[in-house]
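Residues per chain are reported as follows:
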There are 2 protein chains.
Amino acid sequence: MNYTYSNKGICAARGFRAAGIHCGIRKNKTKKDLALIVSDCDCSAAAVYTANLVKGAPIYVTKKNLENGKARAVIVNSGNANTCNADGIEVAEKMCALVEKHTGIPACDVVVASTGVIGQPLDISPIENNMTALVGALGYDNSSDANQAIMTTDTKEKSIAVEFTIGGKKCAIGGIAKGSGMIHPNLATMLVFITTDVAISPEMLEIALRGDVEDTFNMTSVDGDTSTNDTLCVMANGMAGNTEITSEGKDFEDFKSALHALTSEMCKMIAADGEGATKMIEVRVSGALDKTNARKIAKAVACSSLTKAAIFGADANWGRVLCAIGYSGADVDVLKVGVEFISEAGSITVCQNGAGVPFSEELAKTILLKDKIIINITLGDGDATATAYGCDLTYEYVRINGDYRT
Amino acid sequence: MNYTYSNKGICAARGFRAAGIHCGIRKNKTKKDLALIVSDCDCSAAAVYTANLVKGAPIYVTKKNLENGKARAVIVNSGNANTCNADGIEVAEKMCALVEKHTGIPACDVVVASTGVIGQPLDISPIENNMTALVGALGYDNSSDANQAIMTTDTKEKSIAVEFTIGGKKCAIGGIAKGSGMIHPNLATMLVFITTDVAISPEMLEIALRGDVEDTFNMTSVDGDTSTNDTLCVMANGMAGNTEITSEGKDFEDFKSALHALTSEMCKMIAADGEGATKMIEVRVSGALDKTNARKIAKAVACSSLTKAAIFGADANWGRVLCAIGYSGADVDVLKVGVEFISEAGSITVCQNGAGVPFSEELAKTILLKDKIIINITLGDGDATATAYGCDLTYEYVRINGDYRT
């Protein structure tokens with residue numbers, strides 16, 4: 001399949017309008033803090049959520065609203081996670097009711113999400129007082145505004161879209177994300193909203209989403225902490241006019257491929273903009289006994305604080321990669337492990353058969369000084385592969401998180 | 001039981017001599033890098049090792065030598081982990097043979113350990129050339145020298161001893177440790193050598209050790225990485241003259257209590273001196289459903305990068321504690337969770353029934369600015385308790401690990 005990438009985000013697909021404004025949840029008036037996404041017609045919708053037992057109140061409301069596999073709007077605030085508050089669910093429900101009041105879309109078709117500080121009551125007033133402005137700001141080319149409004153410690157927008165065809169019909173799928181901190185694999189994701197004009201049933205959308213996250217958002221780690229509010233929601237409004245995908249087959253495979261083309265790039269963007277990160281780290285594992293073992297190894301290396309700090313220092317300390325492979329819990333023959341560092345500056349083999357090989361420290365440094373580093377791990381156990389996305393551990397991560405609230 | 005603590009370390013128990021010298025594995029001539037511990041007579045011995053699949057070569061040799069539950073000497077070097085080297089086992093065996101050659105203690109009764117960089121061949125020459133000096137330096141009051149020789153990025157010695165009585169006989173148990181980085185719970189420990197003059201069979205020593213580490217070294221975390229070389233070895237030479245402990249009973253309980261009195265303090269010392277740490281964090285959990293759940297929660301909070309960074313910043317961001325409890329994998333009613341911060345400056349309740357309570361930010365700051373912080377977590381699920389030991393995450397951790405090798 002051929003894809004055309006663009007930065008149109010959630011407005012790449014036909015019939016989706018977006019808005020992002022400053023309503024006053026955040027003190028900084030230049031920072032947008034309220035986003036709205038609206039489809040021109042009803043959508044199939046599917047979502048995955050954090051595996052954290054402590055869940056943000058909006059997650060309970062969104063889950064309930066998505067029970068019928070349908071949605072038409074998304075409202076999101078940043079600056080406050082609406083989590084661990086006595087009135088959290090009530091406030092999240094009010095946010096949906098406000099969307100109904102101002103757009104006519106039933107509250108039960110609204111996805112709601114919040115991100116920010118945990119444990120501080122979320123005042124509904126700034127949202128209520130700015131709903132008219134929010135709805136007034138909706139536009140078919142405003143993905144960037146909505147993206148800005150959901151960002152927390154993110155330094156860059158994460159907005160991307162893919163265009164492709166299904167059954168001869170031109171389709172688009174696009175998304176926006178906020179990431180940065182509290183990102184850990186296998187426990188859903190961060191805040192990600194994806195829109196598409198593909199016609200697909202809620203059931204097949206759910207299957208596509210659940211399959212995809214195993215190889216993408218669940219393989220992305222910034223700091224090993226799993227947020228209470230992680231939500232990834234996909235809405236498909238069918239406006240591309242393709243024959244609705246209601247079962248497996250070529251169209252479904254094409255949709256899954258396009259979804260993966262989008263989400264794998266989003267994961268790289270999230271990892272690259274991890275809190276304090278100076279480098280994106282992609283850990284590729286091949287030759288593993290099976291998929292489970294491949295994933296365990298890729299994740300352990302991407303999550304290792306010591307490996308992350310070494311990459312920050314452009315130090316080819318491959319012993320830490322071996323160490324992480326060893327404690328990953330994977331079934332692996334450590335005497336067959338090979339390790340290679342790759343970047344746009346070149347590639348260098350540093351370990352073969354589980355032992356070091358002589359290499360040029362100078363070349364290794366040159367390679368590791370680039371901002372996208374691939375740690376390529378070859379095993380001799382089978383033919384399974386996996387990729388994990390992470391970032392380096394830096395002074396800035398500590399600074400950001402040493403004083404987040406105050 | 002009453003204990004008298006001292007800093008006599010491995011020389012508190014009768015009949016143990018120690019030495020630590022600079023032999024040249026490290027370039028810095030002021031840094032000791034080779035240690036020897038020798039008992040005047042044969043000892044019961046037991047050890048636990050890293051769960052990492054990538055194991056240092058010395059671990060294979062030590063395991064073999066301890067198969068009969070007996071040992072009489074320990075040789076350890078720092079500056080090189082002798083791990084992931086093609087000739088690693090051969091070099092580790094040579095270290096034991098050198099002890100035999102210079103002390104007459106059979107090589108098969110020698111415990112060997114190495115710590116330092118992974119994947120660089122360990123040259124035996126500096127060790128071989130300095131064995132006479134090492135043996136000549138042995139003394140009954142040299143615990144500190146041996147401790148210095150096993151330190152890597154440690155900033156402080158971790159040497160402590162406890163005196164007590166068993167069956168009316170005066171006994172001692174003492175230890176030295178190196179910790180600092182690559183310390184993660186449930187996967188054995190760091191380098192710890194414990195000596196005692198208690199008479200106890202190898203079998204009972206093994207049982208006591210395995211039981212104790214579950215609540216001590218396996219509950220201690222610095223950075224979530226598990227070293228390849230972790231070894232904790234206890235040697236008991238029986239010179240206290242008590243009736244040998246060969247089964248359960250009061251004497252065994254007394255020994256276990258004394259061991260725990262020693263190891264729990266050692267864990268606090270290791271956590272407090274974690275790489276870059278400015279604060280020791282003790283996470284106490286009570287009211288858990290059972291021990292397994294209590295441990296999961298205590299460890300998750302002690303290991304949370306976000307909680308650790310918040311404590312570094314003296315930021316009472318209790319939401320991160322709740323978040324870690326939520327993703328710990330424990331069976332817990334999050335609506336019954338209470339959180340309190342405690343230090344020598346006082347205590348403050350910040351969360352009750354899973355939600356925030358109003359508190360003085362000023363008092364919280366005063367409490368969190370101290371260097372020993374207790375995070376007290378109360379649950380409403382049962383009556384099980386657990387404690388985990390950790391430290392804050394600081395700029396210095398990143399600096400140390402961004403350029404460890406070069």
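Residues numbered from 1 in each chain as written. Chains lettered and ligands numbered in written order. Predicted model: local features only at pLDDT ≥ 70, side-chain atom pairs only at ≥ 80, totals over all residues. Heavy atoms only, no water.

### Description of the overall build of chain A
For step 1, the next point in the chain: For chain A, the count of helices and strands is 12 helices and 15 strands.
For step 2, the next point in the chain: On C-alpha atoms alone, chain A measures out to a radius of gyration of 21 Å, which is about the 22 Å that the 2.2 N^0.38 rule sets for 406 residues.
For step 3, the next point in the chain: Every one of the 406 residues in chain A was classed for burial, and the buried ones make up 63%.
For step 4, the next point in the chain: A separation threshold of at least 6 residues defines the contact pool for chain A, and within that pool the share at least 24 residues apart is 80%.
For step 5, the next point in the chain: Here chain A displays about 13,900 Å² of accessible surface, and carbon together with sulfur accounts for 48% of that area. (Helix = DSSP H or I, 4+ residues; strand = E, 2+ residues; numbered from the N terminus. Rg over C-alpha atoms; globule rule 2.2 N^0.38 Å. Buried < 20%, exposed > 50% of the residue type's maximum accessible area, 1.4 Å probe, protein only. Contact = heavy atoms within 4.5 Å. Areas by Shrake-Rupley, 256 points an atom, 1.4 Å probe, with all protein chains shown as cover.)

### A few points about the interface of chain A and chain B
For step 1, the next point in the chain: Contacts between the two partners involve 52 residues from chain A and, on the opposite side, 52 residues from chain B.
For step 2, the next point in the chain: Carbon and sulfur atoms make up 59% of the surface buried where chain A meets chain B, a total of about 4,100 Å² over both sides.
For step 3, the next point in the chain: Connecting chain A to chain B are zero salt bridges.
For step 4, the next point in the chain: Of all elements in the fold, only helix 9 (305–312), helix 10 (318–327), strand 13 (355–356) and helix 12 (395–402) of chain A reach the threshold of two or more residues within the side of chain A that touches chain B.
For step 5, the next point in the chain: Considering each element in turn, the side of chain A that touches chain B owes the most residues, seven residues, to helix 10 of chain A.
For step 6, the next point in the chain: Its residues placed into classes, the side of chain A that touches chain B shows 25 nonpolar, 18 polar and nine charged. (Buried area = accessible area lost by both parts, 1.4 Å probe. Salt bridge = Lys/Arg side-chain N within 4 Å of Asp/Glu carboxyl O. Nonpolar A, V, L, I, M, F, W, Y, C, P; charged D, E, K, R; others polar.)

### What to know about helix 6 (residues 202–215) of chain A
Side chains of residues three or four places apart in an α-helix project in the same direction, reflecting 3.6 residues per turn.
Residue and element names in this part refer to chain A.
For step 1, the next point in the chain: Helix length check: helix 6, at 14 residues, gives a terminal C-alpha distance of 21 Å against a target of 20 Å (1.5 Å per residue), a fit within 8%.
For step 2, the next point in the chain: Along helix 6, the residues classified as buried are Pro202, Met204, Leu205, Ala208, Leu209, Asp212 and Val213. Buried residues of helix 6 fall within an arc of 160° about the axis and therefore sit on the same side.
For step 3, the next point in the chain: Tucked inside the fold, the buried residues of helix 6 contact strand 3 (34–49), strand 4 (70–78), strand 9 (231–236) and helix 7 (250–272). (Expected span 1.5 Å × (residues − 1). Arc of directions from axis to C-beta.)

### Some thoughts on the sheet that holds strand 13 (residues 355–356) of chain B
Residues and elements named next belong to chain B.
For step 1, the next point in the chain: Overall, mixed pairing links the six strands, which are arranged 13-12-11-14-10-15 in an open sheet. Edge positions in the open sheet fall to strand 13 and strand 15 (384–391), since each of these has one partner strand only.
For step 2, the next point in the chain: Strand direction decides the pairing type here: strand 11 (residues 338–343) and strand 14 (residues 372–378), joined by five bridges, are antiparallel. Residue Ile342 lies in a different strand from strand 14, and its bridge partner there is Ile374. (Pairing = 2+ DSSP bridges.)

### Structural notes on the packing of aromatic side chains
The description of two aromatic rings rests on the distance between their centres and on the angle between their planes.
All names here are of chain B.
For step 1, the next point in the chain: One pass over the structure, following the stated rule, counts two aromatic pairs over all chains.
For step 2, the next point in the chain: Ring centres 5.5 Å apart and planes at 90° place the aromatic pair Phe312 and Tyr395 in the edge-to-face group. Here the residue Phe312 occupies a position in helix 9 (residues 305–312), and Tyr395 occupies one in helix 12 (residues 395–402), the gap between them amounting to 83 residues.
For step 3, the next point in the chain: Residue classification places Tyr395 among the partly exposed positions, given a relative accessible area of 33%. (Phe/Tyr/Trp six-rings, centres within 6.5 Å; stacked < 30°, edge-to-face > 60°.)

### Quick notes on the sheet that holds strand 10 (residues 280–288) of chain A
Residues and elements named next belong to chain A.
For step 1, the next point in the chain: If you trace the six strands from one edge of the open sheet to the other, you get 13-12-11-14-10-15, paired in mixed fashion. The strands lining the two open edges of the sheet, one partner per strand, are strand 13 and strand 15 (384–391).
For step 2, the next point in the chain: Summarising the sheet, strand 10 and strand 14 (residues 372–378) pair through seven bridges and their orientation is parallel. Paired with Ser286 across the two strands is Thr378, which belongs to strand 14.
For step 3, the next point in the chain: Its contacts with the sheet place helix 8 (residues 291–303) against strand 10, strand 14 and strand 15, and it is angled at close to 20° to strand 15. (Axes fitted to C-alpha atoms, helices over the stretch in contact; angles between N-to-C directions.)

### Digging into the relation of the copies chain A and chain B
For step 1, the next point in the chain: The transformation that overlays chain A on chain B combines an axial shift of 0.0 Å with a rotation of 180°, and the residual RMSD is 0.0 Å. The transformation relating the two chain copies, once decomposed into turn and shift, fits a two-fold axis. Across chain A, the rotation axis passes nearest the C-alpha of Tyr395(A), at a separation of 2.4 Å.
For step 2, the next point in the chain: The residues that chain A uses at the interface reappear at the interface of chain B in 100% of cases, marking a shared surface. (Least-squares fit on C-alpha atoms with pLDDT ≥ 70 in both.)

### A word on the pairing of strand 2 (residues 16–21) of chain A
All names here are of chain A.
For step 1, the next point in the chain: Counting buried residues in strand 2 gives five out of six residues, a clear majority hidden from the surface.
For step 2, the next point in the chain: Where strand 2 lies against strand 3, six bridges are found, and the strand directions are antiparallel. Bridge pairing links Ile21 to Leu34 in strand 3.

### Here we look at unusual backbone geometry
Residues and elements named next belong to chain B.
For step 1, the next point in the chain: Unlike most non-glycine residues, Asn82 shows phi in positive territory, near 45°.
For step 2, the next point in the chain: Here Asn82 is to be found in the loop between strand 4 (70–78) and helix 2 (88–103).
For step 3, the next point in the chain: For Asn82, a relative accessible area of 0% corresponds to the buried category.
For step 4, the next point in the chain: Not every positive phi belongs to a glycine, and Cys84 is a case in point at roughly 60°.

### Some points on the confidence of the model for chain A
For step 1, the next point in the chain: Summary statistics for chain A give a mean pLDDT of 93 and a share of 97% for residues scoring 70 or more.
For step 2, the next point in the chain: Interface confidence for the predicted complex, given as ipTM, is 0.75, next to a pTM of 0.80. (pLDDT = per-residue confidence, 0-100.)

### Section: the pattern of salt bridges
For step 1, the next point in the chain: Throughout the structure, instances matching the rule amount to 36 salt bridges over all chains.
For step 2, the next point in the chain: A salt bridge links Asp40(B) to Arg17(B), with the nearest nitrogen and oxygen atoms 3.9 Å apart. Taken together, the residues span a long stretch of sequence, with Asp40(B) in strand 3 (residues 34–49) and Arg17(B) in strand 2 (residues 16–21) at a distance of 23 residues.
For step 3, the next point in the chain: Looking at Asp40(B), the relative accessible area reads 31%, which means it is partly exposed.
For step 4, the next point in the chain: Lys158(B) is the partner of Asp273(B) in a salt bridge, and the nearest nitrogen-oxygen pair spans 2.7 Å. Here Asp273(B), found in the loop between helix 7 (250–272) and strand 10 (280–288), pairs with Lys158(B), found in strand 6 (residues 158–166); they are 115 residues apart in sequence, far enough to count as distant.
For step 5, the next point in the chain: The class for Asp273(B) is buried, based on a relative accessible area of 6%.
For step 6, the next point in the chain: Residues joined by salt bridges that share partners form a network here, namely Glu265(A), Lys268(A), Glu282(A) and Arg284(A).

### Brief notes about the packing of helix 8 (residues 291–303) of chain B against helix 10 (residues 318–327) of chain B
Residues and elements named next belong to chain B.
For step 1, the next point in the chain: Between helix 8 and helix 10, whose axes approach to 8 Å, the crossing angle comes to 130°. Judged by the inter-axis angle, helix 8 sits oblique to helix 10. When the axes of helix 8 and helix 10 are compared, the crossing they make is right-handed. On the side of helix 8, the interface is formed by Ile297, Ala300 and Val301, while helix 10 contributes Val321, Ala324, Ile325 and Tyr327. (Parallel < 35°, antiparallel > 145°, perpendicular 65-115°, else oblique. Left-handed = near helix turned anticlockwise from the far one by under 90°.)

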